[in-house]
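Understanding the architecture of this molecule
The residues making up each chain are set out below.
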Amino acid sequence: MFLFFLAFTLTSCTGDEVIEPLPKDEAYRLDKPSGFPEITFDITGNPVTVNGVALGKKLFYEGKLSRNNTISCGFCHIQEYAFTHHGHTVSHGIDDRLGIRNAPPIQNMVFLKNYTWDGVGHNLDERSLVPITTDFEMDSSLPEAVGKLNADASYKKMFKAAFGDENITGERILKAISQFMVTMISADSKYDRMKKGNVVFTAEENQGMALFQNKCAACHSGDLFTDESYRNTGMYYNTQFGDRGRYRVTLDWNDNMKFRVPSLRNVEYTAPYMHDGRFYSLEAVMNFYSENVENQPNLDPLLKQNGHVGIPMTASEKQNIIAFLKTLSDKNFITNPKFAE
């Protein structure tokens with residue numbers, strides 16, 4: 001069981017959302033679902049509170065964090081697609097500029113150690129700084145964002161409610177956004193309900209789960225369905241984006257084309273797939289792993305066994321695995337009004 005306490009009120013005035021914070025702030029309770037790893041987010045350094053989460057939610061959907069007031073975090077992280085930029089191979093930012101990577105989902109971040117494809121982001125309180133300041137994302141700066149928010153009396157009221165005074169700082173902006181993001185826990189899929197004994201899998205889903213455990217779970221392990229490692233899975237180098245993954249961080253050629261193993265929760269909603277969105281369907285992903293893995297010098301050993309490169313799968317096995325992957329879809333998560341704009 002996991003439980004949230006949300007007690008702030010929302011009212012509508014001339015079409016705009018007005019958030020009334022609690023007169024006396026209180027802790028926002030985060031309980032980990034059964035089977036999940038321990039919380040990794042630094043709650044001591046950034047205590048998660050009801051007013052902090054409310055402020056973070058408003059900032060998550062705030063266009064003023066971008067140079068021209070048009071791009072928010074929620075622009076590239078859309079709730080109904082598990083907070084990914086659905087339909088875009090790589091994210092489109094300010095002035096419709098192209099990024100170089102597919103926007104990862106925002107879910108269960110309170111339990112993760114790293115947050116990016118290449119592992120450069122491992123402090124969630126600092127993570128939002130990158131999109132705010134990157135020229136092809138929001139193309140702004142924290143001082144610029146602070147100046148805009150300082151001109152808004154409602155923000156001064158919310159910052160005081162969340163942090164004790166009206167002082168709006170870049171650090172507080174980032175901490176509030178991360179407080180909101182750590183509340184995005186997804187743990188109510190058919191798979192989760194099956195584990196609790198509340199539903200029964202179909203024969204196809206059961207067969208897919210057995211195949212997944214045999215062929216995929218070495219990397220997509222645990223209830224988060226990722227071991228958070230960085231692996232070269234034999235994808236060709238995309239010259240359009242010039243992205244060599246983990247190598248960009250370490251400058252160690254052994255890390256060339258290694259990317260973080262993504263969580264497979266809500267994978268049905270998060271197409272297109274891979275770091276550059278090269279595959280538009282789960283079928284295409286299955287076909288890649290069975291037939292198109294490149295035998296690169298640092299290819300992950302798990303994809304090169306018994307003289308075979310890739311993961312041997314028949315057509316029916318692929319369909320069964322996909323049927324299982326769809327049991328990881330959490331409809332309540334992508335429709336929960338607590339996360340909605």
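An unreviewed UniProt entry lists the chain under the name Cytochrome C peroxidase, with Chryseobacterium aquaticum as the source organism. According to the UniProt record, the Subcellular location (unreviewed entry) comment for the chain reads "Periplasm".

Structurally, the chain comprises domain 1 (50-183) and domain 2 (190-327). Between the C-alpha centres of domain 1 and domain 2 the distance comes to 28 Å. Across the contact, 27 residues belong to domain 1 and 26 residues belong to domain 2. For the pair domain 1 and domain 2, the summed buried surface comes to about 2,100 Å²; carbon and sulfur atoms form 54% of the total. Summed over the shared surface of domain 1 and domain 2, the number is one salt bridge. Note that Asp243 and Arg101 form a salt bridge whose closest N and O atoms lie 2.6 Å from each other. Linking domain 1 with domain 2 are eleven residue pairs in polar contact (both at pLDDT 80 or more).

Before going further, it helps to examine the UniProt feature "binding site: heme c 2" (unreviewed entry) in the chain. As recorded in UniProt, the feature "binding site: heme c 2" (unreviewed entry) lies at Cys216, Cys219 and His220. With respect to the helices and strands, the residue Cys216 is situated in the loop between helix H9 (203-215) and strand S3 (230-232). Structurally, the position occupied by His220 is in the loop between H9 and S3. By relative accessible area, which is 16% here, His220 ends up buried. Those residues within four positions of His220 in sequence are excluded, and the remaining contacts are Phe212, Phe225, Thr226, Val261, Pro262 and Leu264.

As a further point, take the packing of aromatic side chains. Under the criterion given, the structure shown has 19 aromatic pairs. Here Phe60 and Phe83 contribute two aromatic rings whose centre-to-centre distance is 6.1 Å and whose plane-to-plane angle is 80 degrees, an arrangement assigned as edge-to-face. Taken as a pair, Phe60 in helix H1 (residues 50-60) and Phe83 in the loop between helix H2 (73-76) and helix H3 (124-127) lie far apart in primary sequence, 23 residues in all. For the residue pair Phe60 and Phe83, the accessibility class agrees, reading buried in each case. Through a chain of ring-to-ring contacts, the aromatic side chains of Phe60, Tyr61, Phe83, Phe180, Phe333 and Phe339 assemble into a single cluster. Over the ring of Tyr155 we find Lys58; its NZ or CZ atom is 5.2 Å from the centre of that ring. In this structure, Arg244 is placed above the aromatic ring of Tyr237, and the distance from its NZ or CZ to the ring centre is 3.8 Å.

Evaluated as defined, the whole model comprises 23 salt bridges. Among the salt bridges present, the one from Asp139 reaches Arg67, with a minimum N-O distance of 2.7 Å. Taken as a pair, Asp139 in the loop between helix H4 (129-133) and helix H5 (142-150) and Arg67 in the loop between H1 and H2 lie far apart in primary sequence, 72 residues in all. We classify Arg67 as partly exposed; its relative accessible area is 31%.

Definitions and limits used
- Residues numbered from 1 in each chain as written.
- Predicted model: local features only at pLDDT ≥ 70, side-chain atom pairs only at ≥ 80, totals over all residues.
- Heavy atoms only, no water.
- UniProt positions renumbered as here; feature names shortened; annotations may be inferred.
- Domains from an automatic or database assignment.
- Contact = heavy atoms within 4.5 Å.
- Buried area = accessible area lost by both parts, 1.4 Å probe.
- Salt bridge = Lys/Arg side-chain N within 4 Å of Asp/Glu carboxyl O.
- Polar contact = N/O pair within 3.5 Å; in protein donor to acceptor, adjacent residues only side chain to side chain.
- Helix = DSSP H or I, 4+ residues; strand = E, 2+ residues; numbered from the N terminus.
- Buried < 20%, exposed > 50% of the residue type's maximum accessible area, 1.4 Å probe, protein only.
- Phe/Tyr/Trp six-rings, centres within 6.5 Å; stacked < 30°, edge-to-face > 60°.
- Lys NZ or Arg CZ within 6 Å of the ring centre and 35° of its normal.

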